[in-house]
Structure formats: structure tokens, C-alpha cells
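Listed below are the residues making up each chain.
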Amino acid sequence: MFLALESTVIAHGLPYPQNLETARELERVARAYGVEPRTIAVLNGEIKVGLSDAELAQLAQARDVLKLSRRDLAVAVARQRTGATTVSATMWLARRAGIRVFATGGIGGVHRASGAAQTWDVSADLPELAQTPVAVVCAGAKAILDLPATLEWLETHGVPVLGYQTDDFPAFYSRSAGVPVPTRVDSADDAARIIQAHWDLGFTSGVLIGAPIPHEYETPREVIEPHIQRALSEADEQKISGNAVTPFLLKRLAELTGGESVQTNIALLKNNVAVAAEIAQALARLDAPTA
Ligand code: PSU
Ligand code: MN
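To start, this report covers the structure provided alongside it.

About the criteria used
- Residues numbered from 1 in each chain as written.
- Chains lettered and ligands numbered in written order.
- Predicted model: local features only at pLDDT ≥ 70, side-chain atom pairs only at ≥ 80, totals over all residues.
- Heavy atoms only, no water.
- Buried < 20%, exposed > 50% of the residue type's maximum accessible area, 1.4 Å probe, protein only.
- Helix = DSSP H or I, 4+ residues; strand = E, 2+ residues; numbered from the N terminus.
- Pairing = 2+ DSSP bridges.
- Salt bridge = Lys/Arg side-chain N within 4 Å of Asp/Glu carboxyl O.
- Contact = heavy atoms within 4.5 Å.
- Expected span 1.5 Å × (residues − 1).
- Arc of directions from axis to C-beta.

## Topic: the pairing of strand E7 (residues 135–138)
Every second residue of E7 is oriented toward a common face, with Ala135 and Val137 on one face and Val136 and Cys138 on the other, all of them buried. Summarising the sheet, strand E6 (residues 101–103) and E7 pair through three bridges and their orientation is parallel. Each bridged residue has a counterpart across the sheet, and for phenylalanine 102 the counterpart in E7 is valine 136. Note that E7 and strand E10 (residues 207–210) share four bridges and pair parallel. Counterpart to cysteine 138 in the pairing with E10 is glycine 210.

## Comments concerning the pattern of salt bridges
Scanning the model with the defined rule gives 18 salt bridges in all. For aspartate 72, the salt bridge goes to arginine 71, with nearest N and O atoms at 2.8 Å. Overall, the relative accessible area of 60% leaves arginine 71 in the exposed class. Salt-bridge contacts for glutamate 225 lead to arginine 112; the nearest nitrogen and oxygen are separated by 3.4 Å. Within this pair, whereas glutamate 225 is found in helix H9 (residues 221–237), its partner arginine 112 is found in the loop between E6 and helix H6 (125–131), the two being separated by 113 residues in sequence.

## Topic: the environment of glycine 50
Secondary-structure assignment places glycine 50 in the loop between strand E3 (46–49) and helix H3 (53–61). Taking C-alpha positions, glycine 50 is 25 Å from threonine 246, a pair spaced 196 residues apart along the chain. Setting aside its immediate chain neighbours within four residues, glycine 50 contacts Arg38, Thr39 and Glu55.

## A short note on H9
Over its 17 residues, H9 extends 24 Å from the first C-alpha to the last, a length consistent with the 24 Å expected when each residue adds 1.5 Å. Of the residues making up H9, those classed as buried are Ile224, Ile228, Ala231, Leu232, Glu234 and Ala235. The buried residues of H9 occupy one face: seen down the axis, they fall within an arc of 160°. For H9, exposure combined with an orientation more than 90 degrees from the buried face picks out Glu222 and Glu237. On the buried face of H9, the contacting elements are helix H10 (245–256). Where H9 ends, the next residue or the one after it, lysine 239, has phi of about 55°, a positive value.

This is the structure:
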């Protein structure tokens, strides 16, 4: 049984060398929970569903790694480029490989309408969730995004959103931003039954599972929010746009928190892999009932 992992978090979400250590650690956690990790990326134009340790190291250190969402995959393949896959591209490639469950850190979403620019920015992760049948475990979405708008988008497009042992949609560094989740699940079996029922009904969309960061690693909202505000206004001032926005904000938050946000990010990634592995096993049990 396989679990998909993304690579944008390695190439663009965490600094070296913590990115490589984390990529390896996530694969270890998956195996410890009884599933085979498949980290997904594009290397020199070749789609890889599963990376060797040398390939992980290459991706963690290379300087010119593209950030690939769905729209960018063909370009990377045709031009034999190396790229890390976001949630959208990873979902697509996982689906192609027959993998049903995928663990990430945070998903992209609807960005806050920022300052004077009033940019309109909706991550390709959302339409991917609306059209690709993969269950995605995340720690919610960062409060750099507009969380209520993100959840509204998912409702409009028919994507079930489950809170894993929580009533609130998790806010990445924080367990809650006060935005309720439509459905709470308290076990991997409960989640798996809902995921299976969704697909048995004939829906072809994904399912989003939000697992809050464990209490002991949480950064309270009031601590992280001023840093988020500052990073957002700097992005505005420096006219950061397009797919550079999320990596810019992550990097600035790491600097503004003196590296604490990186430790938080790693903790929630490990937790998500553990939850996703349990859901993958619960789904497999539904395929092959023993009694
Ligand atoms: N959120 C995080 N860390 C990340 C990402 C999102 O907290 O590393 C990455 C994921 O790969 C996600 C992508 O799919 O950023 C979204 O990018 P954009 O906002 O440009 O759609
Ligand atoms: Mn975007």
C-alpha cells in the first residue's frame, strides 16, 4: 500500500538541510506506519513516483528546481526540466499511479485580497481537489490565506472536508483559526468510510482531511498573526506575484520567527504522514473485508 508525498515542500517550502532531513524522516514515518512512501517529482523531464535517496538529495540541493502545478507538468516533461510538484500536480500524478492517499503540509487556497493590488489568486490545488479522486491529508491551510473563502470554494465545488479529531479547520501553525469544519471524524476508519462512500457514489473529486498540528508544537494564532501580516505587506511592497508568493511568505515567516516556523512545519508534516498512513490502511481494509 502506497502513500504519495509532494516535493514542493522539499524544494521550495523548507531550507536546506532541514528539507532533506525532513524528506527522509517523512519516508521513515510512513514505513513505520506500514505504508510505502512515494515522493513525487519530475527529474530531467522524467516523472518519478518514488525517489531514491540520491534523488531526494538532488532535489533538496538543486538551485533551479521549477515549482510545478498542473499547468506546468507538460512544460517540464517536454523540456526535460527538473521540478518539484505542488499539491495539484502531485494529486494528478498520484492518481495516474493508482495511489489514493496523499500527505502534504498545507494546501494552497484562496489568497487574502491584498492591499492596494487586490490580486486575485486561487491556488491550483483547489480545482485539483475538485476533479481528482485522491484523499489529501493536510494541516489545513495557512492563515496567510483566506480560510473562509477557501472552504466556501471547496463547498461550491463539492469537495468533502473532514476535520481529523477537530471541529475546526486547522490553520497550519495553529490548531484553529476559529473557522468550523463541515464534518468531524474521530478515527481513520470513519474517515475511510466517508472517502470510500464518496467515490462509491460516483463522485470524481478528492476529499480533504485537515489534521491539526499536535498541541505541543502549536504556535498560537496571536503569536504568528503579526508575522503573517508583516510578510504579506512585504510581499505587496516587493510586488511578489504568481507562484512565487507562497515560497516568499514561507521564507519570510521562517526568518521572522527565527526558524521556529520551520520546526513547526516539520512537526505537522510528520503528523500528517502518520494520519494519512492510517487512513490508507483503513481504506485498504474496506477493500478486503476479513469477516
Ligand atoms: N503551503 C505550505 N507549504 C507549502 C505549500 C503550501 O504551507 O510548501 C506548497 C504546496 O506544494 C502547495 C503549493 O501545493 O505550495 C501551493 O502553491 P500556490 O499557493 O502557488 O498554489
Ligand atoms: Mn497562486
